[in-house]
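# Observations on the three-dimensional arrangement
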Amino acid sequence: MKVVDEDPLKPSALPTPDSYQFFHGWEVKSNWKNEVTLKSLEALRGYVPSTHIAHISPTPLLMTVADNDVITPADIALEAYSRAREPKKLHIFPGGHFDGYAGKGFERIVSVQVDFLKEHFVE
């Protein structure tokens, strides 16, 4: 099955316009193939990364959450964050799911990530 399709009404793993824009960009500039196995798709649908969030502690946790994310909605991420234990830090940034991966969004987020790593992991 396709990971993304230009038409969000056609079957794909991530049927959103921002998913198509992000992954199509990779397809154009690399040898990435726009396909996923049905087994992997089934595993993705059952993946709930917040299940064990309360068990991460005492490892420091930084969550960067996009306020307009339609793939991992902010309300779900914030609910998970509320269940995480200290030490933890939350950074909400403007944009969608992929906006933190490149460009201005990346530049805004990477400085938060570097500061967090310095605070918790550099002696």
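Residues numbered from 1 in each chain as written. Predicted model: local features only at pLDDT ≥ 70, side-chain atom pairs only at ≥ 80, totals over all residues. Heavy atoms only, no water.

If you check an unreviewed UniProt entry, the protein chain appears there as dna, SC011 from Aspergillus oryzae. Per UniProt, the protein chain has the following entry under Sequence similarities (unreviewed entry): "Belongs to the polyketide transferase af380 family." (UniProt positions renumbered as here; feature names shortened; annotations may be inferred.)

## Let's talk about the environment of Gly105
Tracing the backbone through its elements, the reader meets Gly105 in helix α4 (residues 103-121). Gly105 sits 79 residues away from Trp26 along the chain, and the two C-alpha atoms are 18 Å apart. In contact with Gly105, other than residues within four places in its own chain, are Asp99 and Gly100. (Helix = DSSP H or I, 4+ residues; strand = E, 2+ residues; numbered from the N terminus. Contact = heavy atoms within 4.5 Å.)

## Things to note about the environment of His52
Tracing the backbone shows His52 in the loop between α2 (38-45) and β1 (61-66). Taking relative accessible area as the criterion, His52 reaches 54% and is therefore assigned exposed. Sequence spacing of His52 and Phe121 is 69 residues, and the spatial spacing of their C-alpha atoms is 22 Å. (Buried < 20%, exposed > 50% of the residue type's maximum accessible area, 1.4 Å probe, protein only.)

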